[in-house]
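Here's the letter readout for the chains.
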Amino acid sequence: MTWRWRYESANGSEVTDRALPREVFPSQADAESWLGENWRDLLAAGVERVALLEEDRVEYAGLSLREE
């Protein structure tokens, strides 16, 4: 099983029109750790939200990268 992030705009549509990291992770913990280290760069690149996928199954979606 592999884990990956889907990058989303503020309205929830997938962001595919820019060069963004396409990392694949062996575990959910690895994916979440990576996001914790890289969320600011993603936000600066125009990503507003992310969804975590295991293969094609959505583990969770709509996670905002904005500090609240």
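Going by the structure above, here's the rest.
All values reported here derive from a predicted model rather than from experimental measurement. (Residues numbered from 1 in each chain as written. Predicted model: local features only at pLDDT ≥ 70, side-chain atom pairs only at ≥ 80, totals over all residues. Heavy atoms only, no water.)

A. Representation of the packing of aromatic side chains. Inspection of every chain in the model, using the stated rule, returns two aromatic pairs. Judged by centre distance (6.2 Å) and plane angle (65°), the rings of W5 and Y60 are edge-to-face. Linking W5 in strand 1 (residues 3-8) with Y60 in strand 3 (residues 57-64), this pair joins segments that are 55 residues apart in sequence. Residue W5 is classed as buried on the basis of its relative accessible area, which comes to 4%. Given the relative accessible area of 27%, Y60 is considered partly exposed. Considering the side-chain rings of F25 and W34, the 5.6 Å spacing of their centres and the 50° angle between planes classify their relative orientation as tilted. On the basis of relative accessible area, W34 is assigned to the buried category, the value being 13%. (Phe/Tyr/Trp six-rings, centres within 6.5 Å; stacked < 30°, edge-to-face > 60°. Helix = DSSP H or I, 4+ residues; strand = E, 2+ residues; numbered from the N terminus. Buried < 20%, exposed > 50% of the residue type's maximum accessible area, 1.4 Å probe, protein only.)

B. Seen up close, helix 1 (residues 28-44). An ideal rise of 1.5 Å per residue puts 24 Å on 17 residues; helix 1 measures up with 24 Å between its terminal C-alpha atoms. The axis of helix 1 is deflected most strongly, by about 60°, at N38. Contact partners of the buried residues in helix 1: strand 1, strand 2 (49-54) and strand 3. Positive phi appears at G46, one or two residues downstream of helix 1, with a value of about 100°. (Expected span 1.5 Å × (residues − 1). Bend = angle between axes of the 7 residues up to and from the residue. Contact = heavy atoms within 4.5 Å.)

C. Spatial organisation of the side chain of S9. With respect to the element layout, S9 can be found in the loop between strand 1 and helix 1. Engagement of the side chain of S9 in a polar contact is seen with the side chain of N11, the distance being 2.5 Å. Setting aside chain neighbours within four positions, we find S9 in contact with V15, E48 and R49. (Polar contact = N/O pair within 3.5 Å; in protein donor to acceptor, adjacent residues only side chain to side chain.)

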